[in-house]
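# An overview of the molecular structure
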Amino acid sequence: MSPAAGSLITGFGLTEVTGTIYTVDATGPAGSTVAAAMLTEAKGDLTIAYNDAAGRTPIPTGTFLNPGSEILVV
């Protein structure tokens with residue numbers, strides 16, 4: 001699945017965003033930049049990063065990094 005149509009970007013535009021709004025087509029907010037291939041690549045990169053992070057085992061080394069090792073009563 002590729003990124004959604006630019007027309008689905010609503011409620012803000014270049015006056016609310018510092019930077020560039022990239023869209024997959026010309027239906028995005030006024031002044032947005034069409035870059036479908038770049039957005040599809042970014043979506044794939046995000047999926048790879050998420051799957052990598054989800055597959056890692058945490059290595060707790062401190063009280064706050066190992067939930068369940070101690071009970072904290074406030």
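Presented here is a report on the structure given in the accompanying data block. Residue positions are given per chain, counting from 1 as you read along its sequence in written order. At least 70 in pLDDT is required for a residue's local features to be given in this predicted model, at least 80 for side-chain atom pairs to be given and counted, and no such filter applies to totals for whole chains, interfaces and linings, which use all residues. To get the side-chain values, all heavy atoms of the structure are used, and hydrogens and water are removed first.

### With respect to the overall build of the chain
Spelled out, the test is: Under the DSSP-based scheme used, a helix requires at least four consecutive residues in state H or I and a strand at least two consecutive residues in state E, with every element numbered from the N terminus. Contact definition: two residues touch when any of their heavy atoms are within 4.5 Å. Every accessible area reported is derived by Shrake-Rupley at a probe size of 1.4 Å, with residue values counting cover from the shown protein chains alone.
Helix and strand counts for the chain stand at one helix and two strands. Listing the helices and strands of the chain from first to last along the sequence gives β-β-α. Taking as baseline every contact in the chain between residues at least 6 positions apart, the subset at least 24 positions apart corresponds to 9%. For the chain, the computed accessible surface area is about 6,000 Å², with 63% contributed by carbon and sulfur atoms.

### Here we look at the pattern of salt bridges
Here is the rule: By definition, a salt bridge exists where a carboxyl oxygen of Asp or Glu is found within 4 Å of a side-chain nitrogen of Lys or Arg. Type-normalised accessible area, obtained with a 1.4 Å probe on protein chains alone, sets the label of each residue: buried when under 20%, exposed when over 50%, and partly exposed for intermediate values.
This model, assessed by the stated rule, comprises one salt bridge. With its nearest N and O atoms 2.7 Å apart, the salt bridge here joins D52 to R56. When its relative accessible area of 40% is taken as the criterion, D52 is described as partly exposed.

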